[in-house]
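Spelled out from the first residue to the last, the chains are:
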Amino acid sequence: MPTNEKEINNYLFDQLEIVEEALSLVDDKESAVSRYLVKKKGYIERKLYQNPPLTENN
């Protein structure tokens, strides 16, 4: 399990890369699969770029 913000961000970037690669393979951009992947990408980006960050430096 990630223990600091850098590890969490690396995990989220890995997830984002997987979703983006899967989106590039989808032929029909209006398909249910495409809509699902775009939604998941948004969730990952929201976590990745949230303010304040996931962890606080004390």
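Structure's up top.
Student: Account for the packing of helix H1 (residues 5-25) against helix H2 (residues 32-48), naming residues and giving values.
Tutor: Orientation of H1 relative to H2, taken along the N-to-C sense of each, is 160°, at an axis distance of 10 Å. By the criterion of interaxial angle, the relationship of H1 to H2 is roughly antiparallel. Between H1 and H2 lies a crossing of left-handed hand. Of H2, the residues touching H1 (which contributes Asn-9, Leu-12, Phe-13, Gln-15, Leu-16, Val-19, Glu-20, Ala-22 and Leu-23) are Ser-34, Leu-37, Val-38, Lys-41, Ile-44, Glu-45, Lys-47 and Leu-48.

Student: Could you give an account of a positive patch on the surface, naming the residues involved and the relevant values?
Tutor: Judged by side-chain charge, Lys-39, Lys-40, Arg-46 and Lys-47 come together as a positively charged surface patch. The residue Lys-39 is located in helix H2 in this model.

Student: Which residues make up the nonpolar core, and what are the values?
Tutor: Listed in full, the nine residues of the largest apolar core are Ile-8, Leu-12, Leu-16, Val-19, Leu-23, Val-26, Leu-37, Ile-44 and Leu-48. Elements represented by at least two residues in this core include exactly H1 and H2. The element contributing the most residues to this core is H1, with five residues. When residues no more than four places from it in sequence are discounted, the contact partners of Ile-44 are Leu-12, Gln-15, Leu-16 and Val-19.

Thresholds applied
Here, residues in each chain are numbered from 1, in the same order as that chain's written sequence. Local features in this predicted model are restricted to residues of pLDDT 70 or higher, and side-chain atom pairs are both shown and tallied only at a pLDDT of 80 or more, whereas totals for entire chains, interfaces and linings draw on every residue. Remark: hydrogens and water are excluded; side-chain values derive from all non-hydrogen atoms of the structure. Between N-to-C directions, angles cover 0 to 180 degrees, with each direction set by a line fitted to C-alpha atoms, over the stretch in contact for helices. For the purposes of this entry, the term helix denotes a DSSP run of H or I that reaches at least four residues, the term strand denotes a run of E that reaches at least two, and both are numbered from the N terminus. Any angle that is under 35 degrees is reported as roughly parallel, and any over 145 degrees as roughly antiparallel; angles of 65 to 115 degrees are reported as roughly perpendicular and all others as oblique. Definitions for this section: a left-handed crossing has its near helix turned counterclockwise from the far helix by less than a right angle. A right-handed crossing has that turn clockwise. A contact between two residues is defined here by any heavy atoms of the two lying within 4.5 Å. Only residues above 30% relative accessible area that lack a salt bridge enter a patch, with like-charged residues linked at up to 9 Å and the nonpolar side chains Val, Leu, Ile, Met, Phe, Trp and Tyr linked at up to 5 Å. Areas reported as accessible are Shrake-Rupley estimates using a 1.4 Å probe. Residue values count occlusion only from the protein chains shown. The salt bridge definition used is simple: a Lys or Arg side-chain nitrogen within 4 Å of an Asp or Glu carboxyl oxygen. His residues and chain termini do not enter the charge count, which takes Lys and Arg as positive and Asp and Glu as negative. A single reference atom marks each charge: NZ on Lys, CZ on Arg, CG on Asp, CD on Glu. Among buried residues, those of type Ala, Val, Leu, Ile, Met, Phe, Trp, Tyr and Cys that are joined through side-chain atoms within 4.5 Å constitute a nonpolar core. Working definition: with a 1.4 Å probe on protein chains only, accessible area under 20% of the residue-type maximum means buried, over 50% means exposed, and in between means partly exposed.

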